[in-house]
Amino acid sequence: MKYKAVLFDLDGTLIGNYVAIHKCLCEAFAEFGIPNPTYDTVFHTVGGSILITIKKILRGTGFEDKASDIGARYLELFPKHIFDGLTIMPYAPEFLAELKKRLKLRALQTNSRRARSRFSNARTCADTSTR
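Residues numbered from 1 in each chain as written. Predicted model: local features only at pLDDT ≥ 70, side-chain atom pairs only at ≥ 80, totals over all residues. Heavy atoms only, no water.

Draft legend 1. Spotlight on the overall build of the protein. Per the secondary structure count, the protein includes 6 helices and 2 strands. Among the 131 residues that make up the protein, the fraction classed as buried is 34%. Here the contacts in the protein between residues at least 6 apart in sequence split such that 69% fall between residues at least 24 apart. Accessible area for the protein stands at about 8400 Å²; split by element, carbon and sulfur atoms hold 56% of it. (Helix = DSSP H or I, 4+ residues; strand = E, 2+ residues; numbered from the N terminus. Buried < 20%, exposed > 50% of the residue type's maximum accessible area, 1.4 Å probe, protein only. Contact = heavy atoms within 4.5 Å. Areas by Shrake-Rupley, 256 points an atom, 1.4 Å probe, with all protein chains shown as cover.)

Draft legend 2. Layout of a nonpolar patch on the surface. Residues Tyr-3, Val-6, Phe-8, Tyr-91 and Phe-95 make up a contiguous nonpolar surface patch of roughly 480 Å² in combined accessible area. Mapping Phe-95 onto the fold places it in helix H5 (residues 92-102). Judged by relative accessible area, which is 35%, Phe-95 ranks as partly exposed. (Patch = residues over 30% accessible without salt bridge, like charges linked within 9 Å, V, L, I, M, F, W, Y side chains within 5 Å. Salt bridge = Lys/Arg side-chain N within 4 Å of Asp/Glu carboxyl O.)

Draft legend 3. Region of the structure containing helix H3 (residues 50-58). Those residues of H3 that sit buried are Ile-50, Thr-53, Ile-54, Ile-57 and Leu-58. What you see down the axis of H3 is that its buried residues fit within an arc of 125°, all on one side. On its buried face, H3 sits against helix H1 (18-31), helix H2 (39-45) and helix H4 (67-81). Gly-60 sits one or two residues past H3 and shows a positive phi near 80°. (Arc of directions from axis to C-beta.)

Draft legend 4. Up close: the pattern of salt bridges. Summed over all chains, the structure comprises 6 salt bridges. Residues Lys-23 and Asp-84 are paired through a salt bridge, measuring 3.1 Å at the closest nitrogen-oxygen approach. Remark: Asp-84 occurs in the loop between H4 and strand S2 (87-88) and Lys-23 occurs in helix H1; sequence separation between them is 61 residues. By relative accessible area, Lys-23 is classed as partly exposed at 35%. When the shortest N-O distance is used, the salt bridge between Glu-98 and Lys-101 registers 3.5 Å. One end of the pair, Glu-98, and the other, Lys-101, are both in helix H5, 3 residues apart, so they sit about a helical turn from each other. Since its relative accessible area comes to 31%, Glu-98 is described here as partly exposed. Connected through salt bridges with shared partners, the residues Glu-31, Arg-73 and Glu-76 form a single ionic network.

Draft legend 5. Region of the structure containing the side chain of His-22. Tracing the backbone through its elements, the reader meets His-22 in helix H1. Among residues more than four places away in sequence, those in contact with His-22 are Pro-37, Thr-38, Tyr-39 and Val-42.

The values are spatial; any link to function lies outside them.
What follows is the structure in structure tokens.
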């Protein structure tokens, strides 16, 4: 079967940005007097939008009403940490190289609320051997 398109999630699939996410959440939580989540908690909770992640972390803490404010602050902090700990998943370069051989047209799309993450994702993919 010949494929015309391949769609997949980028963060957590081709790249990992958990260090930056954790740093931003810790800074935002601290500003609201909320105990920092552990890296492990963040790693296992990330999924969907950052607001969904924050709501999951805050569930049952008594700070649930702060989720939107923390989310807004997170989005302000993220540009400062966007490349902190950014990693390419070990299989990503080979996967992208193979994909490049099979598909003529390639595109990168994100549902992120910030255009800066598009730059992050594009930069990471462009830095692999798939050029």
